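Below, each chain spelled out in residue letters.
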Amino acid sequence: NTVTGVLGGANDWKLYQFDVAQSGGVKITLDGPAGTDFDVYVFRGLRADANAIVAAGESVDPDEVVTFTAAPGQYSILVRSAEGAGRFVTAPVTS
């Protein structure tokens, strides 16, 4: 499930949901444009709740990779711009 979106500038964000059918590893990649600082956060459930965060990628680079072990259920990916604007691609991959 690849998702493409656009962030308009610093502090802009987009939220996407995905399902995990069975327990196992999940890898989420984020590919942002050069010169930006895009971050990715993963939450258990269908909303961005700080108490439900399961993984985060917050480097100063436009690209991020996060991995975590997931139980079956619904998860949310929040992509946020810390700096810059542009198009991004993110994809959760379950193993």
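Here the structure is shown first, and the text comes after it.
The shown structure was predicted, so the numbers you read here are calculated from the model rather than taken from an experiment.

## Structural notes on the pattern of salt bridges
When charged atoms on two side chains of opposite charge get close, those side chains can pair.
Phase 1 of the analysis: If you walk through the whole model with that rule in mind, you get two salt bridges.
Phase 2 of the analysis: We note a salt bridge from Arg80 to Asp39, for which the minimum N-O separation is 3.8 Å. Of this pair, Arg80 sits in strand S7 (residues 73–83) while Asp39 sits in strand S4 (residues 37–44); the two residues are 41 residues apart in sequence, bridging distant segments of the chain.
Phase 3 of the analysis: Here Arg80 falls in the partly exposed class, since its relative accessible area comes to 24%.
Phase 4 of the analysis: Here Asp39 falls in the buried class, since its relative accessible area comes to 4%.
Phase 5 of the analysis: Across the pair Asp49 and Arg47 runs a salt bridge, and its minimum N-O distance is 3.6 Å.
Phase 6 of the analysis: With relative accessibility at 57%, the residue Arg47 sits in the exposed group.

Thresholds, definitions, all that
Residues numbered from 1 in each chain as written. Predicted model: local features only at pLDDT ≥ 70, side-chain atom pairs only at ≥ 80, totals over all residues. Heavy atoms only, no water. Salt bridge = Lys/Arg side-chain N within 4 Å of Asp/Glu carboxyl O. Helix = DSSP H or I, 4+ residues; strand = E, 2+ residues; numbered from the N terminus. Buried < 20%, exposed > 50% of the residue type's maximum accessible area, 1.4 Å probe, protein only.

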